[in-house]
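The residues making up each chain are set out below.
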Amino acid sequence: MAQATATPEAAGAAATEGAKEDVKEDVKIIGIVCNWCSYAGADGAGTARLKQPLNLRLVRVPCTGRIDPLLALKAFEKGADGVLVSGCHPGDCHYSEGNYYARRKLELLTRMLPHLGVEPDRFKYTWVSASEGARWQQVVTEFVGKVKALGPREGRAL
Amino acid sequence: MRIGVFVCHCGTNIAGTVDSRGIAARAAELKDVVHTEDLIYTCSEPGQAAIQKAIKEKGLTRVVVAACSPHMHEVTFRRCVEGAGLNPYLFEMANIREHCSWIHDDYEKATEKAYEIIKMAVAKVRLLEPLYSNEVDVNKDVLVIGGGVAGIQTALDLADAGLKVTIVERETTIGGTMARLDKTFPTIDCSACILTPRMVDAAQHENIEILAYSEVDKVSGYVGNFTVDIRRKAAMVDWTKCIGCEICVQKCPAKAPDTFNVGLAETKAIYIPFPQAVPKRAAIQTDYCRWFQQGKCRVCERVCPAEAIDYEQHDQYLERKYGAIVVATGLDVFPWEEYYHEYGSGHIPDVISGLQYERMLNASGPTHGHVVRPSTMGRKDQEPEEPKTVVFVQCVGSRDESVGRPYCSSVCCMYTAKQAILTKSHCGMDTEIYVFYIDIRATGKGYEEFVKRAQTEFGVKYVRGRVSKLYEDTLPDGGRKVMVRGMDTLLGKQVEIAADLVVLASGITAADGAVQLAQKLNISYDEFGFYKESHPKLRPVETNTAGVFLAGACQSPKDIPTAVAQASGTAAKVLGLLAKDKLKTSPQIAVVDQSRCVSCWKCVEVCPFSAPEKQELRDGTQKSHIIETVCQGCGICVATCPVNCIELKGFTTDALIDQLEEALLA
């Protein structure tokens, strides 16, 4: 949860600040979401007509436990400017414990990415439940805002 | 490979923001796409017929439908393509409604995004393979968690249809909230007269087993084959011997709070909640028992004619197998004392909750059906005082964002009208009754007429407005009153009423422990702890976990008719599931490439379902093998395997990479 709420607030403010000057609208962001919670949460946001930025493309997987961190790296390699992973809240996994495995791997990935030349704000993993459409909108808006503030990734090794 | 792409308008739901016709035409330029078509309502009969026609006439081998969420219509379209002879798993949905047209306003940009979503789906569909379902045997026994009116209804319906049902109830008796009610709206039927015969029916039914004073400890397995550990809590009374004579209760010297009567009275450390309890068995609350607390007493043991008292009893664990699980865990009353400090936080004796008042109205309740001011109860040589002015306050813990309960509890308007009418009949027509309300929600059959009756026939005064403060005051004549200060928003002025009794229409909140149970069952719940149905209109009694169903107020606040109707609906759904002898399993499961398996058994360690097993090959080596009917298709093993020799059908790594690559190429 700390991932989801604590850090983005400060950084989000910075992103809004930057927004006035040099926001790059044209960023491509990949979202990898679990079928049961976050995909359904995104559906809920859609049904409630909660407006969101255009930059996100979703890839649906059964469970965040299915996500090999290399998939996120692949997205960066292929040109993604940001990658968002979202699943069920810890304790609520449809398959009991898939998101616990995911959390360990993704936490490690979070710490590795800066060493590979990917700014921390370009990657985020979080939890959005099937009933949290409003939270999905907030997560997407905040994350996309931060990636826009950074702009497209250019000339990087990965 | 011949791919067909069908783009839905969904009336204007999609076409209002996305150029469905335009992108359908553009999709023709995608690799392997040989047919594209835009359809006004793809899910409709003509829409599905168009897909089937194109499959047959154009010889399509893969189909993409760009429409709503797969959660909405994936099953529909899989069935549709299967009807035209295509393997149902050679189909992919592109969600351009929930994830595009509904969340964007810019027509051109939304259209471009929708086209990209279609390209991603086409990229994925190219790599899909035909998949074939397996079949598993089905256990036809059903577990019902919660023995309130909803649980009882589902259990009886299922048992009448010939299925074996177990009701697990955490209290010592079934009956739930309804057992505590005096009358039911809008007919003013006696609640017990309706419920207790059903309780007895359940207890005597040859197909129903009631495990009272028990809780679900652990759930494993999957639809058709659940394994459930049930904890039978130690009652310190041998229930095979107890005859429910209540002699122990009469003789027990230790007092304990009476939770059944919501704290309005005291019970004994050994207790039976109410006279019509089913099963009627005594249990010791060890926290209050003198033997357990002070090491002396054992009165109950001496007086019990059945020799049923067993101070050495321990919790017992049962392991049971079920094919389906119905969750009917009901509700709790909103703990208003913790939130409404302006109403005295529970320190004003003459301010009580609706459920407490219900117990007071009940002939088997703590006052034997006499309406009295709690502050005057238990006085020496003086009878308790009957209230002359009663004020009801609605929406306490409902429709109040300041206490985190923005939802309507749906029953309080009606139970307040009922209690107001009953007050008149208990205390006389000259009793002054005021009801403070925000809106009156009387949407059920005969409900509006019932509220009108309270107002016209019984002269209950309805005041539109919230109550801002309740406080005790002494009038010049020495009488203690509860002062009710509120706003009459229709007159636009403050009102103050000196009341003898204030009844708060406390709302419905999720049952204590609801979230913990959800986590055991792997079902979703909302921010308030109510369980989430699979779809509010298409699958209202199913959860997203196959084989787990919902009934009653555990899903959302409900009155009795609605809970019972839903419970019967749930029973029908369970019967539909268990009418089959074999269940088809999803073929979207993990498979091991044994030629590359290094026998590290990490897949065995991580699988929550014990699907991977060690399989001995002809050369004597052991390799991982995933049991098809056990695998639930989560893919945890896929991401764990260090040599990438496990693949998840339908979500292969190559397909996922192609999908995201397509999104990034644009």
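Residues numbered from 1 in each chain as written. Chains lettered and ligands numbered in written order. Predicted model: local features only at pLDDT ≥ 70, side-chain atom pairs only at ≥ 80, totals over all residues. Heavy atoms only, no water.

J.: Looking at this model, I keep getting lost on the environment of Lys602 of chain B. Mind explaining?
T.: All names here are of chain B. Looking at the secondary structure, you find Lys602 in helix α17 (residues 602-606). Distance in space between the C-alpha atoms of Lys602 and Asn95 is 35 Å, their sequence separation being 507 residues. Residues in contact with Lys602, not counting those within four places in the same chain, are Thr640 and Pro642. (Helix = DSSP H or I, 4+ residues; strand = E, 2+ residues; numbered from the N terminus. Contact = heavy atoms within 4.5 Å.)

J.: Where do I start with helix α19 (residues 653-665) of chain B in this structure?
T.: Owing to its 3.6 residues per turn, the α-helix aligns residues three or four sequence positions apart on the same side. Here α19 of chain B spans 18 Å end to end across 13 residues, near enough to the 18 Å set by a 1.5 Å rise per residue. Looking at α19 of chain B, one finds that the buried residues are Ala655, Leu656, Ile657, Gln659, Leu660, Glu662, Ala663 and Leu664 of chain B. Looking at the packing, one finds that the buried side of α19 of chain B touches β1 (29-34), β2 (56-61) and α3 (69-77) of chain A together with α5 (107-126) of chain B. (Expected span 1.5 Å × (residues − 1). Buried < 20%, exposed > 50% of the residue type's maximum accessible area, 1.4 Å probe, protein only.)

J.: It is not clear to me how empty space enclosed by the protein should be interpreted in this structure. Could you clarify?
T.: The rolling of a water-molecule-sized probe over the atoms marks out the regions of remaining empty space. Across all of its chains, the model carries nine cavities of 30 Å³ or more by this definition. The computed volume of the largest cavity comes to approximately 320 Å³. What lines the largest cavity is a set of 26 residues, and nearest its centre among them are Tyr39 and Leu58 of chain A together with Asn95, His99 and Ile117 of chain B. Of all the secondary-structure elements, those providing two or more residues to the lining of the largest cavity are α2 (38-47), β2 and α5 (133-150) of chain A together with β4 (91-95), α4 (97-101) and α5 of chain B. Looking at the lining of the largest cavity element by element, the count peaks at five residues for α5 of chain B. A breakdown of the residues in the lining of the largest cavity according to their chemical character gives 15 nonpolar, five polar and six charged. Approximately 100 Å³ is the volume found for the second largest cavity. Around the second largest cavity sit 15 residues that line it, and Cys37 and Asp92 of chain A together with Ile523, Ser524 and Tyr525 of chain B are the ones nearest its centre. (1 Å grid on protein atoms, 1.4 Å probe; cavity = no way out; pocket = protein on both sides within 12 Å on 5 of 7 lines; lining within 4 Å. Points joined across faces, edges and corners; volume = space filled by probe spheres on them. Nonpolar A, V, L, I, M, F, W, Y, C, P; charged D, E, K, R; others polar.)

J.: Would you mind showing me how to read helix α1 (residues 20-27) of chain B here?
T.: All names here are of chain B. Burial in α1 covers these residues: Ser20, Ile23, Ala24 and Ala27. All buried residues of α1 lie within an arc of 105° about the axis, which places them on one face of the element. Counted as exposed and oriented over 90 degrees from the buried face of α1: Arg21 and Ala25. Of the surrounding secondary structure, the elements contacted by the buried residues of α1 are β1 (3-8), β2 (33-39) and α5. (Arc of directions from axis to C-beta.)

J.: Please explain the sheet that holds strand β27 (residues 501-506) of chain B as it appears in this structure.
T.: Two orientations exist for strands paired in a sheet by backbone hydrogen bonds: parallel and antiparallel. All names here are of chain B. Pairing within the open sheet is parallel, and its five strands lie in the order β20-β27-β21-β22-β23. Each edge of the sheet is formed by a strand with only one pairing partner; in this case those strands are β20 (351-353) and β23 (461-464). The mean inter-strand angle of the sheet, taken between neighbouring strand axes irrespective of direction, is 25°. Where strand β21 (residues 389-396) and β27 come together, five bridges link them in parallel fashion. Residue pairing in the sheet places Val390 in a bridge with Leu501 of β27. Lying on the sheet, helix α12 (residues 354-361) is in contact with β20, β21 and β27; it crosses β20 at an angle near 90°. (Pairing = 2+ DSSP bridges. Axes fitted to C-alpha atoms, helices over the stretch in contact; angles between N-to-C directions.)

J.: So what exactly am I meant to see when it comes to the environment of Ile30 of chain A here?
T.: Positionally, Ile30 of chain A belongs in strand β1. Sequence separation between Ile30 of chain A and Val139 of chain A is 109 residues; the distance between their C-alpha atoms is 14 Å. Residues contacting Ile30 of chain A, with those up to four places away along its chain left out, are Leu56, Arg57, Val59, Ala75, Ala80, Gly82, Val83 and Leu84 of chain A together with Leu660, Ala663 and Leu664 of chain B.

J.: What is the right way to look at the state of the cysteines in this model?
T.: Note on terminology: disulfide describes a covalent bond linking the sulfur atoms of two cysteines. Across all of its chains, the model carries two disulfides over all chains by this definition. Each sulfur in the disulfide pair Cys37 of chain A and Cys88 of chain A lies 2.3 Å from the other. The chirality of the disulfide connecting Cys37 of chain A with Cys88 of chain A is right-handed, given an S-S dihedral of about 100°. One end of the pair, Cys37 of chain A, is in the loop between β1 and α2; the other, Cys88 of chain A, is in the loop between β3 (82-87) and α4 (98-112), with 51 residues separating them in the sequence. Each member of the pair, Cys37 of chain A as well as Cys88 of chain A, carries the same accessibility label: buried. Two residues share a disulfide in this structure: Cys190 of chain B and Cys193 of chain B, whose sulfurs sit 2.4 Å from each other. Judged by the sign of its S-S torsion, about 85°, the cystine formed by Cys190 of chain B and Cys193 of chain B is right-handed. With no disulfide of its own, Cys600 of chain B lies closest to Cys641 of chain B among cysteine sulfurs, the gap being 6.0 Å. (Disulfide = S-S within 2.5 Å.)

J.: Would you mind showing me how to read unusual backbone geometry here?
T.: Most peptide bonds take the trans configuration, and most residues that are not glycine carry a negative phi. Residues and elements named next belong to chain B. Of the consecutive residues Phe185 and Pro186, the connecting peptide bond is found in the cis state with omega at -5°. Among the secondary structure elements, Pro186 is positioned in the loop between β8 (183-184) and β9 (189-190). The step from Val278 to Pro279 runs through a cis peptide bond, and the omega angle for that step is -5°. The residue Pro279 is located in the loop between β15 (270-271) and β16 (283-284) in this model. Phi is positive for Cys10, close to 45°, though the residue is something other than glycine. Within the fold, Cys10 resides in the loop between β1 and α1. On the basis of relative accessibility, which here comes to 12%, the residue Cys10 falls in the buried class. The backbone of Ser610 shows a phi angle near 55°, a positive value even though the residue is not glycine. Residue class for Ser610 comes out exposed when judged on its relative accessible area of 53%.

J.: Explain the domain arrangement of chain B to me, please; I cannot follow it from the model alone.
T.: Accessible area lost on assembly of the parts is the figure often given for the size of an interface. Entries for chain B in the domain assignment read domain 1 (3-126), domain 2 (142-233 + 315-330 + 511-578), domain 3 (247-303), domain 4 (332-509) and domain 5 (590-649). Summarising the inter-unit geometry, the C-alpha centres of domain 1 of chain B and domain 3 of chain B are found 65 Å apart. (Domains from an automatic or database assignment.)

J.: Mind showing me how you'd approach the packing of aromatic side chains here?
T.: One pair of aromatic rings is described through two measures. These are the centre distance and the angle between the planes. Residue and element names in this part refer to chain B. In the structure shown here, the tally under the stated rule is 16 aromatic pairs over all chains. With a centroid separation of 4.8 Å and 35° between ring planes, the pair formed by Phe334 and Tyr339 is classed as tilted. Consider the rings of Tyr437 and Tyr462, whose centres lie 5.7 Å apart with planes at 65°: the pair is edge-to-face. Separated by 25 residues along the polypeptide, Tyr437 in strand β22 (residues 432-437) and Tyr462 in strand β23 bring together distant segments of the chain. Residue Tyr437 shares its accessibility class with Tyr462, and that shared class is buried. (Phe/Tyr/Trp six-rings, centres within 6.5 Å; stacked < 30°, edge-to-face > 60°.)

J.: What is the right way to look at the pattern of salt bridges in this model?
T.: Pairing between side chains of opposite charge can happen when the charged atoms of each approach one another. All names here are of chain B. Scanning all chains against the criterion turns up 41 salt bridges over all chains. A salt bridge links Glu358 to Lys418; the shortest N-O distance between them is 2.9 Å. Highlighted residues: Glu358 in helix α12 and Lys418 in helix α13 (residues 412-427), separated in sequence by 60 residues. When sorted by exposure, Glu358 lands in the same class as Lys418, which is buried. Glu448 serves as the salt-bridge partner of Lys452, at 3.3 Å between the closest nitrogen and oxygen. Of the two residues, Lys452 and Glu448 are both situated in helix α14 (residues 447-456); the distance of four residues between them amounts to about one turn of the helix. What makes Lys452 partly exposed here is its relative accessible area of 42%. (Salt bridge = Lys/Arg side-chain N within 4 Å of Asp/Glu carboxyl O.)

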